[in-house]
Structures are given as C-alpha cells and as structure tokens.
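Remarks on the overall topology
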There are 2 protein chains.
Amino acid sequence: MKARNYIALILISICFFACAQTHPSMILTKSGVETIRSQKNPLIFDEVLNKTRIQVDAAIAEGIVVPVPKDMGGGYTHEKHKSNYFNMQSAGALYQITGEEKYALYIKNMLLEYTALYPSLPPHPTNRSYAVGKIFWQCLNDANWMVYTSQAYDAIYNYLTQEERNTIENDFLKPYADYLSIENPKYFNRVHNHSTWGNAAVGMMALAMDDDALLQRALYGLDLKNVDELAKDNDGGFIYEKDKAKAGFFAQIDYSFSPDGYYGEGPYYQRYAMLPFMVFAQALNNKKPELKIFEYRDSILIKAVKSLLNQTNQSEEFFPINDAQKGMSIYPNSVITAVNVAYNASPEAEFLFAAKKQGEVLLDQGGWNLARAIESSNSLDFEKKSIQFSDGYKGDEGGLGILRAGNSDRQSTVVFKYTSQGLGHGHYDKLGYLFYDCSTEVMQDYGAARWVNIDQKGGGRYLKENKTWAKQTIAHNTLVVDQKSHFGGIYDVANLHHSDPVFFNTNNPQAHAAGAKEVNAYEGIEMNRILILWEDDYFSNPVLIDYFSADTDGAHSFDMPYHFAGQIMSQNFDYATQVPTVMGYAHGYQHLYQEATAKAEDVIQMNWFKDRKFYTLTTQSNAGDDIILARIGANDPQFNLRRDALLIHRKEGATSPRFLSVIENHGTYSYVSERPIDPYSKINKVAILRDNNTSVTFRIQVKDGMSWDIEVDKATGEVKIVKN
Amino acid sequence: MKARNYIALILISICFFACAQTHPSMILTKSGVETIRSQKNPLIFDEVLNKTRIQVDAAIAEGIVVPVPKDMGGGYTHEKHKSNYFNMQSAGALYQITGEEKYALYIKNMLLEYTALYPSLPPHPTNRSYAVGKIFWQCLNDANWMVYTSQAYDAIYNYLTQEERNTIENDFLKPYADYLSIENPKYFNRVHNHSTWGNAAVGMMALAMDDDALLQRALYGLDLKNVDELAKDNDGGFIYEKDKAKAGFFAQIDYSFSPDGYYGEGPYYQRYAMLPFMVFAQALNNKKPELKIFEYRDSILIKAVKSLLNQTNQSEEFFPINDAQKGMSIYPNSVITAVNVAYNASPEAEFLFAAKKQGEVLLDQGGWNLARAIESSNSLDFEKKSIQFSDGYKGDEGGLGILRAGNSDRQSTVVFKYTSQGLGHGHYDKLGYLFYDCSTEVMQDYGAARWVNIDQKGGGRYLKENKTWAKQTIAHNTLVVDQKSHFGGIYDVANLHHSDPVFFNTNNPQAHAAGAKEVNAYEGIEMNRILILWEDDYFSNPVLIDYFSADTDGAHSFDMPYHFAGQIMSQNFDYATQVPTVMGYAHGYQHLYQEATAKAEDVIQMNWFKDRKFYTLTTQSNAGDDIILARIGANDPQFNLRRDALLIHRKEGATSPRFLSVIENHGTYSYVSERPIDPYSKINKVAILRDNNTSVTFRIQVKDGMSWDIEVDKATGEVKIVKN
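The written sequence of each chain sets the order in which its residues are numbered from 1. Here chains are named by letter from A upward and ligands by number from 1 upward, in the order in which they appear as written. This being a predicted model, a pLDDT of at least 70 is required before a residue's local features are given, and a value of 80 or more before pairs of side-chain atoms are given or counted; all residues contribute to the totals for chains, interfaces and linings. By convention in this description, side-chain values take in all heavy atoms of the structure and omit both hydrogens and water.

As for the relation of the copies chain B and chain A
The superposition of copies rests on a least-squares fit of C-alpha positions from residues with pLDDT of 70 or more in both. Rotating chain B by 180° about the axis while translating it 0.1 Å along that axis superimposes it on chain A, leaving an RMSD of 0.1 Å. Here the symmetry operator amounts to a two-fold rotation axis. Relative to the rotation axis, the C-alpha of Pro-580 of chain B is the closest in chain B, positioned 3.2 Å from it. By definition in these notes, contact holds between two residues if any of their heavy atoms fall within 4.5 Å. Taken as a fraction of all interface residues of chain B, those also at the interface in chain A reach 100%, which identifies the copy contact as same-surface.

Examining the interface of chain B and chain A
Counting residues at the interface gives 51 residues for chain B and 51 residues for chain A. Taking both sides of the interface into account, the surface hidden between chain B and chain A amounts to around 4,200 Å²; carbon and sulfur atoms contribute 55%. When two parts are brought into contact, each loses some accessible area as probed by a 1.4 Å sphere; the total of that loss over both is the buried area. In terms of surface lost to chain A, no three residues of chain B exceed Gln-456, Phe-639 and Glu-674 of chain B, which account for 18% of the buried area on that side. Salt bridges are defined as contacts in which a side-chain nitrogen from Lys or Arg sits within 4 Å of a carboxyl oxygen from Asp or Glu. Taken together, chain B and chain A are joined by six salt bridges. Among the ionic pairs, Arg-675 of chain A bridges to Glu-79 of chain B, the shortest N-O distance being 3.8 Å. In the analysis that follows, any N or O atom pair within 3.5 Å is treated as a polar contact, provided that within protein one partner can donate a hydrogen and the other can accept it, and provided that, for residues neighboring in sequence, both atoms belong to side chains. Our count for the contact surface shared by chain B and chain A stands at 26 residue pairs in polar contact (both at pLDDT 80 or more). Contributing elements (two or more residues each) for the side of chain B that touches chain A: helix 12 (267-287), strand 12 (567-571), strand 13 (576-582), strand 14 (592-599), strand 15 (603-610) and strand 17 (626-632) of chain B. Helix and strand definitions here come from DSSP, where helices need a minimum of 4 consecutive H or I residues and strands a minimum of 2 consecutive E residues; each element is numbered from the N-terminal end.

Let's talk about the sheet that holds strand 2 (residues 399-406) of chain B
Residues and elements named next belong to chain B. In this analysis, strands are considered paired if DSSP registers two or more bridges between them. Overall, antiparallel pairing links the five strands, which are arranged 1-2-3-4-5 in an open sheet. Each having just a single partner strand, strand 1 (387-390) and strand 5 (440-443) make up the two edges of the open sheet. Across the sheet, the mean angle separating the axes of adjacent strands is 20° when strand polarity is ignored. Pairing geometry for strand 4 (residues 432-437) and strand 5, over three bridges, is antiparallel. Each residue of the ladder has a partner; that of Tyr-436, found in strand 5, is Glu-441. In this analysis an axis means a line fitted to C-alpha atoms, helices contributing only their contacting stretch, and an angle means the value between N-to-C directions, from 0 to 180 degrees.

Focus: the confidence of the model for chain A
Residues and elements named next belong to chain A. On average, chain A scores 93 in pLDDT, and the residues at 70 or more come to 94%. Think of pLDDT as the predictor's per-residue confidence, scored from 0 to 100. Per-residue pLDDT stays below 50 along residues 231-236; that stretch engages in 14 contacts with residues further than four places along the chain or on separate chains. Low pLDDT (under 50) marks residues 240-244, which in the prediction has 11 contacts with non-local residues, meaning those over four places away or in another chain. If you check the scores for this complex, the pTM reads 0.93 and the ipTM reads 0.92.

Description of the sheet that holds strand 18 (residues 645-654) of chain B
All names here are of chain B. Here six strands make up an open sheet; going across it, the order is 6-11-18-17-14-13 and the pairing antiparallel. The open sheet has two free edges, formed respectively by strand 6 (480-481) and strand 13, since each of these has just one partner strand. Two elements, strand 17 and strand 18, share six bridges in a ladder whose sense is antiparallel. Counted as the bridge partner of Ile-628 is Ile-648 from strand 18.

Regarding helix 11 (residues 249-256) of chain B
Along an α-helix, a turn takes 3.6 residues, which lines up residues three or four apart on a common side. The buried label applies to any residue whose accessible area, calculated with a 1.4 Å probe on protein chains only, is under 20% of its type's maximum; exposed applies above 50%, and partly exposed to all values in between. Within helix 11 of chain B, eight of the eight residues are buried, which leaves the element mostly enclosed by the surrounding structure. Packed against the buried residues of helix 11 of chain B are helix 9 (193-209), helix 10 (212-220), helix 12 and helix 13 (296-310) of chain B.

Looking at the domain arrangement of chain A
All names here are of chain A. For each domain, the first and last residues come from an automatic or database assignment. Entries for chain A in the domain assignment read domain 1 (2-376) and domain 2 (387-678). Placing a centre on the C-alpha atoms of domain 1 and another on those of domain 2 gives a separation of 39 Å. Taken residue by residue, the interface counts 35 residues in domain 1 and 46 residues in domain 2. Summing both partners gives a buried area of about 3,000 Å² for domain 1 against domain 2, and 52% of it is carried by carbon and sulfur.

Some details on the side chain of Asn-41 of chain A
Residue and element names in this part refer to chain A. The topology assignment puts Asn-41 in the loop between helix 2 (30-38) and helix 3 (43-62). Only 2.9 Å separates the side chain of Asn-41 from the side chain of Trp-368, close enough to count as a polar contact. Not counting the four nearest positions on each side in its chain, Asn-41 is found in contact with Ile-36, Asp-46, Leu-49 and Trp-368.

Following this line, the structure appears as structure tokens:
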C-alpha cells in the first residue's frame, strides 16, 4: 500500500469518525437531543411528542407505500408522497428523542423504496408546470419533500451503514438535488418563494449529506451563462443585479424582504415562504455557525418573522392584502415553525406571545426551550403596537402603515397600504385601507376570489373574478377616478411604481397618524391620504379619521367606496331602492349591482350592524353628491363572489375633491340579553375647517353640542387636538 | 274586655308570631337561608354572590332614585325602574345570606319612596298599550316589577316594623296589585304569557303579604260578569271554557302547554314565559306545599322546562320557529331561573346539563343545591334524543318532531313542524322543517323579520316584512302551491286548523322517522311528509331523507324551496345567471329575486359551502322541471332583510307531485390547513322505487355503485333498509 493510499484511508477514517459525530446536526443536534433526553419534558412538548407518536405509529402500522407518481394536488399519489415526507420527518425526531429503532427503520426502508424507484422516474407525467417535478407535478412540491426528508436523513445518518448511505445518496438524493437545481435552472435560479423552497431543499440535503459543493449551489445559485432568458418567467420571479448574489438562498434573503422585514407579496404569501427560510437558516446556524445567518443583513430573518406576526388582526388572522384567502392566520405549521426558530435565535416577547397563542412547538431542542418558556411565563401581556414597514428590498418602495389603539379586549386596527404593486399577487389598491374592530372587518378588503384547494371552484386556483373583481380598485377602500382602476389595471405599468409614505407619527398617544401619497396611479392626479386613529374618553372606542385629497388638472368622476359589508340600520339620507342594475362594463364595476341611490346634503351618515356590533360612517359631502348603495355579485355566472354590500360616494365632474370621513365603533348587541348598547353614533357632523399647504384641520361635532378641532401637519403628521 | 276581643287579640298575637316566623318564605326560606349560612358555599354560588354584591353595592352607592314615570322601553324612567326591581330582589337575597343590614335598609328606603309616589300616579302617560301600566308603559312591565319586588319584600318583611308594613302595603302594594288585576281585567283575566306575569306578580305579592284573598285572585282569576268582551284582545290572548279555571295561574298552566309541555308559540316565547311560571310555582311550593304545584297536571311545569331545553340546537340556541329572533338560547336569566327551579323540584340529568352549560345559579337554596350538584358531577354526559311533542292543551292539535343523530361532537338535528298555528306569532309553514348540522343551519328557517329592541329598525318591533316575508310559506322549507301561502296567509283561517302527526318512530336506531299530514292548508290538496334521519357508516354524517307528497284533485304549480343560504360550489345542471328580477307580487314572492334558472333532468344535485362545511342536496326530478336560484331582498325599501340564497324546485301544471330529497353533511374545510375533507357528495342518484298505500321505498345510489333501498311503512313509520 502506497503512502497516499494510507493517507486516504486515514482521511476517510477521520471523516467517518467526524461524520459519525456530527449527526444529527441540522434541526436536531446531538447536544440538543442529549438535553431533551436528560430532563423532564415541559407539558406542551410532551403533548406534541405523544401526538406525533400516535400519528407515526399509525403510519408504520399502515406500511410503506411509495407509488409511481401520477396525480396532481389532491390526488392519491400526491397526497401519499406528501404524508410520506411528513411522517419521515416526524419519525426522525422520534428516533432521536426516544431512541426507538422502529422509527429509524421506517425511514430507512422508505428511503430505500424511493431509491429503488427514482432512477426509473421520468419528469412527472402531468406536465402542467413551468418546472415539472419528479415525485410531484411541480418542483415546488419536490422541494417540500426534500426539506422534510433531509431532516429525517440527518436523524438516521449514523443508523445507516456507509454502504446504505452510498446507495441512497448516489442513486437518489444527489441526482434528485441536481434535478431540482441544475436541470431546472428556471426554477432554482430566481428570486421567488417557490425557489426559496428549492434552495432550502438542496441546501438542507447538502448539509445532511455533508456535501459542501452542493451547499454552495444552494447558497449562491447556479452560475448560469444565459441569465437573460430567465429574467422573467410565467410566475413572476426574477433575477436581480449582478452586484449581489444573483441567485440562491442569500439572494432570496437579500431581495425578498424590505429592510424592515416586509415581504412584498404580503403576509398570506409570506407565512408560506417563511418556512424554508427559517428551517434552512436553523440548519445553517447549527452546522455552519460561521455564516451567522441570523445576523445576516441586520438580522433580517428575525425582522421578517416579526413583520409577519404584526400583520394580523386581534384573532391573529393575516391582513388579506393582495391575493389572500381570508382566515389564514398564525396557526398553520409554517408559522409555528417560523416562530419556534425565531424565538430560539432571538427570544423576544412577541415570539413567545405568538407561541402561546399557537400552543404548539417543534419536536426539537428549540421547541423544547420554547415549551419551557411558555410554561414559565404565566401572564405574558404582549400588545401589538402601531408600526410602519417599508417596502422594496432597499426600503424605498412605499410601505405599509399599521395603526392600533384600544385595549387588548377590543383593539382597533387600521392597515394603510402604500406599498409597491406586490408582484403578480398585487392588487390595484393604492392608498387603500382596511379597518378592524377586534377581528370584525369594519371596512373590508374583499381578499382573493379563490377557494384555495377547493376543487369545485376552478380546481382551487384563482378564479377569473380574482382579476376582474378582486384586484380592481373599486373592490378596495380607495379612490376610483372615472370608474377606472389604478394604472388602468395594467400590471406592467403598476409594477413600475409605488406609493410613498409622507409621515408615520405616533407622538400623540391619543392620535396615531399616517400619511401617504400616490402620483402615478392616474395621470395628472396626485392623491394624498391621511388616516388618524383617534382615542378620546368621550367615545367608547377609537375613531377612525380618514382624509383623502386628490389634486387634479381637470374635472373627473370620483368614486369613494366604503366596503362595510353589513346590514344597514339607519342613515341621514332618503334613498330609493330599485331592482338591481349592473353598474358598469369593466374595472370591477361589471360585478356591482346598484341597489339604491340617493342625493347627499352636506354630510352623509350611515349606521350599520355587523357581528353583533354597531358602526357609523359620517362623511362630508357637497349637496348633490351621489350616494349609491351597491352589492357585489353581478356577472358572476358561477356564483363565485360573495354578496357583500358597499356604499359609494360619487362626485361627478369634480375638480380636486376632498373626502373627509369618520368611522365610529360605538355599539354592541347581545342575542341573549337582546339589549343594544350605544346603538347610535355620537357624531353630528364632520367638516374640513382649514386646509392649506402645511396643515389641515378637521372639525368633529357631536350631538351633545361639543366639537373637536383636529389639526394635522401635512409634512410631519403631528396631530393637535382642541376641544371646543 | 269582652271574651271575643280577647280571642281576637290572641289570634292577632298568634298571627304576628307566626308571620314573624314565616319570612322569608317564598323563594328564599328561613331554613334554606340557615342551610346556606351554615356551610361552605360551592364555588359557582360564591361567584354569583360576589358578582351580585358588587352590583348591588354600586347601586347603593349611587343612591335611590324613583323617578316619575314618563318613558317607554329604552327610555330613562323605564330603565331606572327596571334596574330598581332587579337591585331590590338581589339586595333581598344578600340581606338574607350575608345578614348585612345595609341591604335591607336599601330595600326599605326604596319601597318607602315608591309608597310616597304611588298614590299620585295616574296611568302611564304614554297610553300606548291595551293595558297601560302605572310605573311602566304597559302592565306587563309593572308585573315584572312586582314579581321581583315581592321577593325583596318577603326578604325584609321581618326587618320592617308593623307600621312600616302597613304603610307600604296599604298605600302602595295592595292598590298596585288591584290595579294590575281588578282595574285591568283584560290584562289579568286571559290566557296569555303577559297575563301569566300578571298572575304571578299579584300572587307572589299576596304570598309576601300573607294576603290569601289576593292569592285566590291570582290563582283562579277574577270572577267577571262580561266575559264575552274579553274573549279576544288585540294581542292574541283568549279565555277558555267554563269547566276549568277560566283565568288565573291555574288556567295558564292548564291551557298554555300541551300535555308534553310544548308551548304553542314556540321556544322563543316560552323561554320568556317560563320565568313567572317557575318562580311563582317555587313560591307556592314553599308556602303552600299542599297545592303540590309541581305535581299539578302530571308535573306539567317540569315537562315544560324539559320541552324548552329540548328545542335547541347543538349550541343550545332555540329553534327559531314562529316569530323568533335567532341566537336566543338557554343562557338568559329567564331560562337560568327555570332550570334552577326545575332541578330543585325534580333533579334530573337534563336540568343539570343545562345548568352546567349556563354556569350560573340563583342566589337561593335551590341555586346553592344546584351549584353543589354541578361541582360534584364532573363529567355529565347528557345527550339530547329524538323526541316528539304534541301541540294543543289536549295534545290533539298536531305536534313538533325532533330527530337527532350523530355524536355529541357533531350532531344532526331535524325539526319537523306539524303544529297548530301558534297563535299570533305563528307562521304559515305546515310540514316545514329545519335541518341543523351542529349549530349550522343546513336548511334554515328565516326566523322573524325583527331586530328586537334595536330602535333603528322600527323601534325594535316586528317589521312589516315579518308579515310580508317571514311568515309566508315560501320563507320556509315546505311546499307552496300556486305561489300562495298556506290558508291563503289568512290568520283567522289558519288558526282553526292544525296538521296531524302520522308517526314518530325511533325503533330503527339507524333511521329515526317522522311522518305528518296537512289537509287544510290548500283546498282539495292533502300533503304528506316523511322525514328520516339516516345513519350509515358509509356516510361521514347522518343523511336526511325527505319525502313530500301532495295528492291533488287537479293540476297546479308547485314550488319546493330549499333555504340553504350558503355559497354554491357545484351542481349537475346548467344554469344561466341573470340580472335579478322580482319573482312575484304577494305571498312573499315579492321579496325574492330570481338570480338564475335551469331545467332539470331526472335528478337535481347541488353542492354548497357554509360555515366551513360542505353540503349536498340530491333530489329526484322530472325532465323539464324548473330550477330557480333565488335570493331574498326584493321590495325591501329599508334593507330590513338578509340577502340569503335559496333554490326553488318548481313543477308547473303537475298533479299529485312527489318530492324526494336527500341532504348530505359531508365535508369540512379549514382556512388554516386549507385542506378540504370530503368536499364532494357520495350520492349519485335518488329515486322513489315503489310507492303504494302501505309503504314507500326510496333507492339511494352512490357513486361507488352500491345502493340502499329504504322502505318506510306509511302508517307506523317502521323503516327497513336493504343494501344492494
């Protein structure tokens, strides 16, 4: 034997020894497992452990099934492979925590089945994706598989023989990782949430296999020659400039978030995207601590989770801005995972608060730590505060302002949207807002026209009404000029622009204010909006003051919609109801029925009922302004839309109109006591008292005779309130 | 001193001594108070005690205010007098339980204020009721006052001097009781829930004052000469035959309930009426045990409370049959009181179950006992069962059938209505049904068109749409012939008739069945309906089978409405949507918009989504039958109606039509996991296989190829099921 062979043998031995020592080393770690095994589990951790045992024991009892891929989402093979990866990941954790061999054996046998199948697999037969997967219909799902399975592989790495590892890696895992990267550059090498999964999948499998070259590929992307042809694909991803990592995990981190952690597509998409970010980061932090991944870009991943958790109403449901199905919240597994990882990287109160709400932890050392922290903090009183998030990866593409007031029992929340377009999932809703009273949508955003995964409704995909209604400006609480959407509803134009914050001022504890402007949505029109969430003991709940001004170069028709979506109780105008007529032909108006019309005097007031509560809108008007009571649902040939009500305040042939509106949350009702409490508004009238270049002053007059003058500095948002 | 004077003196002394011993003696008793004081309170009792203390202490701190009556309900003087009687009753209980004099003093001073005011009071100045009160706008509220205050008076009876009692009784309480009885015979001397309050008020005050003559008046009514003029009043009460007590509390008991305890106006009205029944009965039971009031009429009061508690869905909300606001439940004080009294008279599992749900008890010995029972029964597993209630005081005026199946997590409930008209609050809904999945209304009853106590909506009273829509037949899940309501929608005709039960059969544990017929609703038409709640392991939840047959002497137009009130997901017919058109001019059709129409083949199938669950209707049809997708809301000039969706299956020019419909509760959806489970129906087709004089057989065929033949005996309701 030659010397170099000896050296090789020694190196292999060292490697073997070293490797043997460093598994598990990704999410679970050797020392983490030791800590868990050596102490009494916190209660929540034990609950998760037992639940997981029951689930995996059932899967083991059912036997291993690795079917030849055939179906799309919802179909048998798809769902089977999906449960396989969940079960493998869980079994890996159980093997490490309990030491029971059956869990390791289950993973080994499963992986060997996949290894036997894989070499014969062509791309998925459905051929329905821009990036067709192998086991699934799209690479995205294959990446999901790999993110989970890499953890299982890491967990049983030392349980496998070198020969078994060689077989599994060479015949299956390495070619599979190549397939998701080298063979699908359009999928792997762009900045997009799908690709984040791809990067994390390949990267985590690289870590599990101790394959540093593969890891580099995951972190920094493929070195491609023909970048141009990838610059835009059919799903909105893109490649950024050359001066930064042009693709790969670091590029995702660099470009997916604003410096405040805001994710351009909004929280509905972010909650899904955060999982690969956080899980891969956790793995990197354990195995490559020298990367200091959680500190990277000024701790952007931690900020991103905070941003996500802040974009919620009082029931922890995400604001349904952009394309979003309402009801999604901090409770799915992806957010539980993000919170677990974030808490362990940075143990802050808001992560602990979220974890307590979630009531669930991961089966790893981090989850164990978090469970213990939950147990030992009996009365965590975390309260979400007013906060602004910049948009754009440089933080210069507008932003999202969140105003909060009230107490933890009944919090009012205003979401003010002056972001960029939000890529392909964005809506034409510049300067739009949502207003919540607890989790009641006082002024709603329609959300997406989609029933996610519900096959009956277009296979669970976006419905055509998403484009024709839900994205259109009139579907939002913001100004529509000449019955046309912002940017004419043209994505390529909208995508070039963003609104701009003017101020976000919380200096006055009684009146947090946000101001923003939009100069591109309509040619020749500058739109400004100021929103103030005002608290005064005179009112039972915070009051929203909304001032919208449009400076125009000529006369237009202006529609200000109020999406109250409740039951009208009373109003100060005489309306005439009618058999519904369709309000228009395009820009969303083709989906609106006109149900009643009225002419305004100098103030429009309407009181309505929703979720056992009473609300009142009071808005300044000019005599003769039109009031239209409308309802969604026209031209809806498949009953895809909800029949929600809205009010439209229309100014025809107006120049530079101003809209001053005040919304009160004033009353409640119980079906048990049948007693309404404060069913009527206290406000009598609202008016713009003064408006000049530097400030605007509103007068709010109540029925009791008093009034308040509320002056806002147009540059700083400083609010001064005088009671008369 | 003559002998007779001596005897009189002795008698007075005995009476004084005896009376001194027998207070409190109505709801609280001397021995009850001793029991409570001598033992440690159960937790729930202590909670109520503390809550009541806080409330009454605050009232005492505020001071006594007895304003001159002026306002109607909602107004200041009305609400003040109302809180006065609540606070006095609570203070009485506190005085007895805690022994603290301040509570007795509060009541004494309050009563002296009322006594000073009363002699100067004319009837209430509003003059808006058929029976104007003194302190309130109607005698009903005055009776409420007296029911509560009598308890307070009883509690401090021995605290007062004889002189104080004389003043209070002679200057105030006795004339007041006369006012509510002798001076308002039309109010006091009829069978009606308002009058039950009157009888209880006078009777309880009589007990508190030990005035036996007054008590007799309360129990047996006034002995009137001119009965005829009272035979019908403007609020639907009436006087019954001479052979029974013609008025008074016993007459209320005799005529208000069927022998099964069903209350003709339905549970929404019963829950309010039960309070005076049960509180007065409790007082009588304590003070006049020889009346054996709880055993009277075969324990009808106990049965009545059971009947009330059974008429609830899984969230303990009452079925909104007849005029009823949805959401009313077992949780208001009136039902808590009824349950407390009933449990102490007859400690049965269903009362304990209700009390545990309510989580609240009365501040008396009964409440104390109930609280202890709640504490010591850790896992009471009471389950509501299928049950039928006869209607009419003799039990021969139709009835209400309740079918239940499923488990306590997800129970299916069918409410089948073949009652009498239900007096002035009845709807034209013969053989109609409601179908619940948990508390989700799978097939809804609209309920009342009313916003109770909400001033904005017609002062909180019944709206005109209650008559023009909510009462009409098309607003219910039952057959409409020639687009006209049952009995032409004429109350005086409807009130003469009732439907008849044919069978109520729960012998087959897999298929409880109810059958009923109606021969008077339409001239020349006999209508029969059979409802079966069928359980089979093949289906995830119980399935409702609905067979409606009409035997006619000629051709008519038949509309079978399905009030699904959800979002249509898919269907087996091609429909064309349209701009809404109004469907008719009368009988409720003037409130319906036609949104889409279709022609049926041999089966109509529609799948919808509601409350995160999926449902499917499969109904047999003839090719060419019309399908109309409609929505409530036409001719609704004040937006009083909800915009709920329904499907109408129309057979034009048909003779003796049959409708066989099957409804599946089959799927669920989570906005967190975004995974639909069983979103599609399993059924392929339903058909009437055989139909003869003695039985009818339905075939239900599923997509998997199997079928079931379900044979029902038309006389007995015996169900035989054969699986093919």
